[in-house]
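# Secondary and tertiary structure notes
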Amino acid sequence: MTGSDGPHREPGSDVRAPGSASERAREEEERAVEQALALVGGSGRSDRSGGSGEPASRSRDSGGHRGPRDEDLNAGRSSNTHADRSRDPHAHRSSDSHPYDGRDNDGRDDDRRDGRATPATAPAPGSEQPPLPERALPGDPAKTSPPPPSWDRARAVAARAGRGRPPATIRLALDRALGHVLAEALGALTDLPSFDTSAMDGWAVAGPGPWAFEAGAGLLAGRGPAAALPDGTAVRIATGARVPPETTAVIRSEHAHVDEARGLLHARRSVVTGQDIRPRGQECRSGEQLVPAGTAVTPAVLGLAAAAGYDALPVVPRPRVDILVLGDELLNAGLPHDGLIRDALGPMLGPWLRALGAEVSGARRLGDDAGALRDALTSSDADLIVTTGGTAAGPVDHVHPVLDALGAELLVDGVAVRPGHPMLLARLSPDGPYLVGLPGNPLAAVSGLLTLAEPLLAGIAGRPAQDPYRALVHAEVHGHPHDTRLVPVVHRPGRAGGRDHVAPLRYNGPAMLRGIAAADGLAVVPPGGVRSGTEVEILDLPWAPATPWTEGCFT
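Quick look at the structure, then.

Definitions and limits used
- Residues numbered from 1 in each chain as written.
- Predicted model: local features only at pLDDT ≥ 70, side-chain atom pairs only at ≥ 80, totals over all residues.
- Heavy atoms only, no water.
- Buried < 20%, exposed > 50% of the residue type's maximum accessible area, 1.4 Å probe, protein only.
- Helix = DSSP H or I, 4+ residues; strand = E, 2+ residues; numbered from the N terminus.
- Arc of directions from axis to C-beta.
- Polar contact = N/O pair within 3.5 Å; in protein donor to acceptor, adjacent residues only side chain to side chain.
- Axes fitted to C-alpha atoms, helices over the stretch in contact; angles between N-to-C directions.
- Parallel < 35°, antiparallel > 145°, perpendicular 65-115°, else oblique.
- Left-handed = near helix turned anticlockwise from the far one by under 90°.
- Contact = heavy atoms within 4.5 Å.
- Nonpolar A, V, L, I, M, F, W, Y, C, P; charged D, E, K, R; others polar.
- Pairing = 2+ DSSP bridges.
- Phe/Tyr/Trp six-rings, centres within 6.5 Å; stacked < 30°, edge-to-face > 60°.

So, about helix H6 (residues 370-379). Three or more residues of H6 are buried, namely Ala370, Leu373, Ala376 and Leu377. Looking straight down H6, one finds that the buried residues subtend no more than 130° of arc, so they occupy a single side. Residues Asp375, Thr378 and Ser379 are exposed on H6 and point more than 90 degrees away from its buried face. Where H6 starts, the residue carrying a side-chain oxygen 3.0 Å from the main-chain nitrogen of Gly371 turns out to be Asp369.

Next up, the structure:
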């Protein structure tokens, strides 16, 4: 507050103007109101500094508080979708909020734009803002926003949202069902095998030997039932051929001695009743469950289904996904130049989402256009819309204002995870599509994919979400003081009898893809980090090969 009868005092400083106690109290109240107004962008000051020496409304590249919104989008804002994020002390943390080692990203901690990160700067001395009161302004009903959910909690919310509606069921021919998820348990339509069959090429014999045989006679696979075999006789039989009634055993060709002159068969080894015969129903009986609902249709499942009598399978349709790439600074081809950068997410997201089991349309590039974004959201018939960038609070970050205008329900608004904390999950309408808003930085977007999109798509498709498993880590992995951290890792075999382990990869900043391109998993590092020689949770990447760390079997 500046007055002609007192010294100039910058709001936020510790210098007090002389005067009575009541004057000082009034000045303190005015200062608190001015700071609150600056934080919500409503002070009316031309420099919008809020008296702290730091703009209250920054561009989206700086990671600051949300700037002014388009008035036409603000008019339709829904109170249950997005509380004022500028009042949330956790919503847009920068690296100076919670200092940590930072060697993973060279002091950069902005997850919001493709390839662009802003160096973290410490606040000027004396400019720290006090915590906002629960009611920031007199008469303002808005409360302080809750902190963002933990990484585990956000994944659970996404998985539950995906299971919110019963999955649809379609029937696909076996040659089209690969990669889908079974909508129903697969039950056997017949006994397997459906008759007693020979497990080996050899001789079917009845009773004790030696056995008489008829030269030139034999049983082949695919032929009808044969007459019962009398005691003391034998007949040649092929693998898979139907075993005649009254057969005692099958003697393998290499275990039999044939006396052609006398027409007798002798066994070189003792004969056990039932040997080398696959009895009817050995694998399953008709009606028995073979695999449960929710099983991914693999080549082996297709073979089992065919053997059990299926021509088509009941499956869940693949979730349909639209990709919207936001940002005027993105190039589709050529080298970066003049402040423009290549779009890394458009080429990456489609294949990644297909690897997660989705049907994906081609990425649409909208730039920084709120109207185009709104039109794209309202015209989509996808199950999920994935946006890139624009989830923060800068002047051209339109995702939140557009969602507000559409009355969307925010299920997750920021996650306590690095990189990727500005990610979000919304439901556009009770029957409409979901939206996963990814930060613009590439590794931050990967974090959003595996935190929100992967469990959501698994739920929609009727399959279980990936569960992290634990593996030994052979290096200290620095953590964030308060948030989960996702770090690219690669599995390494143990040496000289040592345990298999994972090794963290070096290039793991939010704008970097070099580390994740060489990785086969992400380490889920808890707040505070992990020491070398301890275990850490691991999320496999969709294309990671089967390893000892991903065990699974049918029982």
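Now for the packing of helix H3 (residues 151-162) against helix H8 (residues 442-461). Between H3 and H8, whose axes approach to 7 Å, the crossing angle comes to 25°. Put simply, H3 runs roughly parallel to H8. Our pair here, H3 against H8, has a crossing hand that is right-handed. Between H3 and H8, the contacting residues are Trp151, Ala154, Arg155, Ala158, Ala159, Ala161 and Gly162 on the first element and Leu450, Thr451, Leu452, Glu454, Pro455, Leu456, Gly459 and Ile460 on the second. When grouped by side-chain class, the residues that make up the contact of H3 with H8 number 10 nonpolar, 3 polar and 2 charged.

Let's shift gears to the sheet that holds strand S2 (residues 181-182). Reading across the sheet, the 3 strands line up as S1-S13-S2 and stay open at both edges, with antiparallel pairing between neighbours. Both outer strands of the open sheet, strand S1 (170-173) and S2, are each paired with one neighbouring strand and no more. Examined bridge by bridge, S2 and strand S13 (residues 312-316) share 2 bridges and lie antiparallel to one another. Within the sheet, the bridge partner assigned to Leu182 lies in S13 and is Val315.

Once that is clear, we can look at the packing of aromatic side chains. For the structure on display, the rule yields 2 aromatic pairs. Seen in terms of ring centroids, Trp352 and Trp543 are 4.6 Å apart; in terms of plane orientation they differ by 75°. Their pairing is edge-to-face. Of the two residues, Trp352 is situated in helix H5 (residues 345-355) and Trp543 in the segment after strand S28 (535-540); the sequence distance between them amounts to 191 residues. The class of Trp543 is partly exposed, set by a relative accessible area of 45%.

On to the packing of H5 against H8, then. In contact at an axis separation of 12 Å, H5 and H8 are set at 25° when each is read in the N-to-C sense. Here H5 lies roughly parallel to H8, going by the angle between them. For the crossing formed where H5 meets H8, the hand is right-handed. Contact residues: Leu345, Met348, Leu349, Trp352 and Leu353 in H5; Pro442, Ala445, Val446, Leu449, Leu450 and Leu457 in H8. Counted by class, the contact of H5 with H8 contains 11 nonpolar, no polar and no charged residues.

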